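Observations on chain architecture
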Amino acid sequence: MKNKTILVTGGAGFIGSHLCKKLLEDGYRVISMDNLITGNMANVKRLKDNKNFLFIRHDITKKFSEKIKKELSDLAYILDLACPASPVDFPRYPLEIMEVCFNGTKNLLELAREYKVPFLQTSTSEVYGDPEIHPQPESYWGHANPYGPRSCYDEGKRSAEALIYTYKNTYKVDTKIIRIFNTYGPQMRPDDGRVVSNFIVQAITGTYITVYGDGKQTRSFCYVSDMVGGIIAMMKSREEGPFNIGNPGEFTILELAQKVIKLTGTKSKIIFKPLPKDDPKQRKPIITLAKKKLGWSPKVSLDEGLEKTLEFFKNNL
Ligand code: UDP
């Protein structure tokens with residue numbers, strides 16, 4: 001597959017750009033595609049000197065022009081990471097999120113069909129909604145609110161999985177699904193809105209550390225290099241999934257706040273703010289399938305990952 005092109009949609013985003021970088025290091029040709037509504041040109045600029053890299057600004061909900069199709073002539077794989085994914089994006093871009101999840105995924109599946117190439121979808125732990133089963137196995141159907149502030153994303157991503165199932169069975173497209181759990185690391189935007197970047201930026205700038213609710217809700221945080229490793233392991237496998245990819249180390253949000261305070265030595269104090277509606281109370285992946293079928297498991301501890309992320313924000317704020 002080397003010397004052939006891998007299309008990474010959402011390639012200017014946080015995980016997408018790390019993935020492009022690793023694929024280039026591994027010797028692949030990479031086309032990064034992004035409409036830049038939440039993607040970041042700084043992530044693209046890091047890569048643009050590599051002769052095997054091309055950035056195309058395009059909204060995947062729109063038709064692919066003949067010019068774009070020409071660039072894709074030796075396409076070997078589609079990795080779909082295109083979707084705003086931070087809860088602060090849900091009220092900002094609800095229609096864009098629903099459109100990219102359904103129409104964007106459909107356009108990519110059509111492309112996979114036309115070019116006869118495999119398609120990998122990055123789905124999400126949000127398909128489990130506010131889970132009543134803990135930790136979450138892939139066999140759990142979830143507990144998502146179809147009519148609420150998170151539904152554009154949760155139901156959007158669930159509809160994308162259903163669409164992929166349909167294309168696989170109707171048109172025999174070679175599809176794969178992974179479900180990404182909370183991921184963090186360098187290159188997150190300072191205003192990303194997610195908890196790790198918020199806490200680190202607040203600690204560095206000496207503002208209040210904003211804990212929503214009582215801080216007893218839990219998340220399991222995966223460092224971005226582990227996530228990229230999981231995506232590539234799935235890409236190289238013959239598996240279809242869905243597989244959870246995440247780090248099962250589970251922490252309360254208060255524990256995370258305390259870790260960040262200790263690590264940074266900040267004088268910032270914790271302030272409690274209202275819990276957003278439908279905020280999941282607990283989340284932790286069961287990763288037995290990914291371990292067994294992909295030979296993948298996360299390596300970076302939360303302490304180690306937080307240190308690297310802190311270093312990035314110290315140098316880039
Ligand atoms: N959260 C918080 N303070 C913040 C941002 C988030 O307490 O400044 C909480 C949020 O309510 C949730 C958890 O941290 O319970 C993880 O939120 P995030 O937005 O990172 O991702 P989610 O897992 O909710 O998609």
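Above this text is the structure in question.
Heads up: these notes are all about the structure in this document. Keep in mind that what you see is a predicted model, and the values were worked out from it rather than measured.

Reading the values: rules and limits
Residues numbered from 1 in each chain as written. Predicted model: local features only at pLDDT ≥ 70, side-chain atom pairs only at ≥ 80, totals over all residues. Heavy atoms only, no water. Helix = DSSP H or I, 4+ residues; strand = E, 2+ residues; numbered from the N terminus. Rg over C-alpha atoms; globule rule 2.2 N^0.38 Å. Buried < 20%, exposed > 50% of the residue type's maximum accessible area, 1.4 Å probe, protein only. Contact = heavy atoms within 4.5 Å. Axes fitted to C-alpha atoms, helices over the stretch in contact; angles between N-to-C directions. Parallel < 35°, antiparallel > 145°, perpendicular 65-115°, else oblique. Left-handed = near helix turned anticlockwise from the far one by under 90°. Nonpolar A, V, L, I, M, F, W, Y, C, P; charged D, E, K, R; others polar. 1 Å grid on protein atoms, 1.4 Å probe; cavity = no way out; pocket = protein on both sides within 12 Å on 5 of 7 lines; lining within 4 Å. Points joined across faces, edges and corners; volume = space filled by probe spheres on them. Disulfide = S-S within 2.5 Å. Salt bridge = Lys/Arg side-chain N within 4 Å of Asp/Glu carboxyl O. Near = heavy atom within 4 Å. Polar contact = N/O pair within 3.5 Å; in protein donor to acceptor, adjacent residues only side chain to side chain. Areas by Shrake-Rupley, 256 points an atom, 1.4 Å probe, with all protein chains shown as cover. Phe/Tyr/Trp six-rings, centres within 6.5 Å; stacked < 30°, edge-to-face > 60°.

Attention shifts here to the overall build of the protein. On a plain count of helices and strands, the protein comes out with 11 helices and 13 strands. By the compact-globule yardstick of 20 Å for 317 residues, the protein fits well, its C-alpha radius of gyration being 19 Å. With the C-alpha coordinates of the protein rotated into their principal frame, the extents come out at 55 × 45 × 35 Å. Expressed as a percentage of the 317 residues in the protein, the buried residues total 53%. Considering only intrachain contacts with a sequence separation of at least 6, the fraction spanning at least 24 residues in the protein is 80%.

Once that is clear, we can look at the packing of helix H7 (residues 195-205) against helix H11 (residues 302-316). Between H7 and H11, whose axes approach to 10 Å, the crossing angle comes to 55°. What the angle tells us is that H7 and H11 run oblique. Our pair here, H7 against H11, has a crossing hand that is right-handed. The residues of H11 that touch H7, namely those facing Val196, Ser197, Ile200, Val201 and Ile204, are Leu306, Thr309, Leu310, Phe313 and Lys314. In the contact of H7 with H11, the residues fall into 7 nonpolar, 2 polar and 1 charged.

Turning next to the layout of surface pockets. Taking a probe equal in size to a water molecule and rolling it over the atoms shows the remaining empty space. When its volume is computed, the second largest pocket comes out at roughly 240 Å³. Forming the boundary of the second largest pocket are 14 residues, of which Glu161, Tyr165, Ile177, Arg179 and Pro242 lie nearest the centre. Mapped by element, the contributors of at least two residues to the lining of the second largest pocket are helix H6 (151-171) and strand E6 (175-180). No other element matches H6, which puts 6 residues into the lining of the second largest pocket. For the lining of the second largest pocket, a count of residues per class yields 5 nonpolar, 2 polar and 7 charged.

Turning next to the state of the cysteines. The full count for this structure, using the stated rule, is 0 disulfides. Note on Cys20: no disulfide assigned, nearest cysteine sulfur contributed by Cys83 at a separation of 17 Å. Taking relative accessible area as the criterion, Cys20 reaches 0% and is therefore assigned buried. Among the cysteines around Cys101, which has no disulfide bond, Cys83 carries the closest sulfur, lying 3.8 Å off. Residue classification places Cys101 among the buried positions, given a relative accessible area of 2%.

What follows covers the pattern of salt bridges. According to the stated counting rule, one finds 18 salt bridges in the structure shown. The partner of Arg92 in a salt bridge is Asp89, and the shortest N-O contact between them spans 3.8 Å. Within this pair, Arg92 and its partner Asp89 are both found in helix H4 (residues 89-92), separated by 3 residues, close to a single helical turn. Between Lys281 and Asp130 there is a salt bridge; the shortest N-O distance is 2.6 Å.

Here we take up the site of the ligand. For the ligand, the set of nearby residues contains 18 residues, the closest of which are Thr210, Tyr212, Arg219, Asp279 and Arg283. Residue Arg150 places a side-chain N or O atom 3.0 Å away from an oxygen atom belonging to the ligand. Within the side chain of Arg219, an N or O atom sits 2.6 Å from an oxygen atom of the ligand. Here the ligand, which alone exposes 510 Å², has 96% of that area covered by the protein. The set of elements that each furnish at least two residues to the shell around the ligand consists of H7 and strand E8 (209-212). Classifying every residue of the shell around the ligand gives 7 nonpolar, 5 polar and 6 charged.

Summed over all chains, the structure comprises 7 aromatic pairs. Ring centres of Phe90 and Tyr153 lie 4.9 Å apart, and the angle between their planes is 20°; this geometry places the pair in the stacked category. With Phe90 in helix H4 and Tyr153 in helix H6, the pair connects residues that are 63 residues apart, well separated along the chain. For the pair Phe90 and Tyr153, a shared accessibility class is recorded, and that class is buried. Between Tyr128 and Tyr140, the aromatic rings sit 5.9 Å apart at their centres with planes inclined by 20°, giving stacked as the arrangement. Here the residue Tyr128 occupies a position in the loop between strand E5 (119-124) and H6, and Tyr140 occupies one in the loop between E5 and H6, the gap between them amounting to 12 residues. Through a chain of ring-to-ring contacts, three or more aromatic side chains come together here, namely Tyr128, Tyr140 and Phe181.

The next point concerns unusual backbone geometry. With an omega dihedral of -10°, the bond running from His134 to Pro135 counts as a cis peptide bond. Within the secondary structure layout, Pro135 lies in the loop between E5 and H6. In this structure, the amide linkage connecting Gly241 to the following residue, Pro242, adopts the cis form with an omega of 0°. Tracing the sequence through the fold places Pro242 in the loop between helix H8 (224-236) and strand E11 (243-245). The backbone of Lys172 shows a phi angle near 60°, a positive value even though the residue is not glycine. By the element assignment, Lys172 lies in the loop between H6 and E6. Overall, Lys172 belongs to the exposed group, its relative accessible area being 65%.

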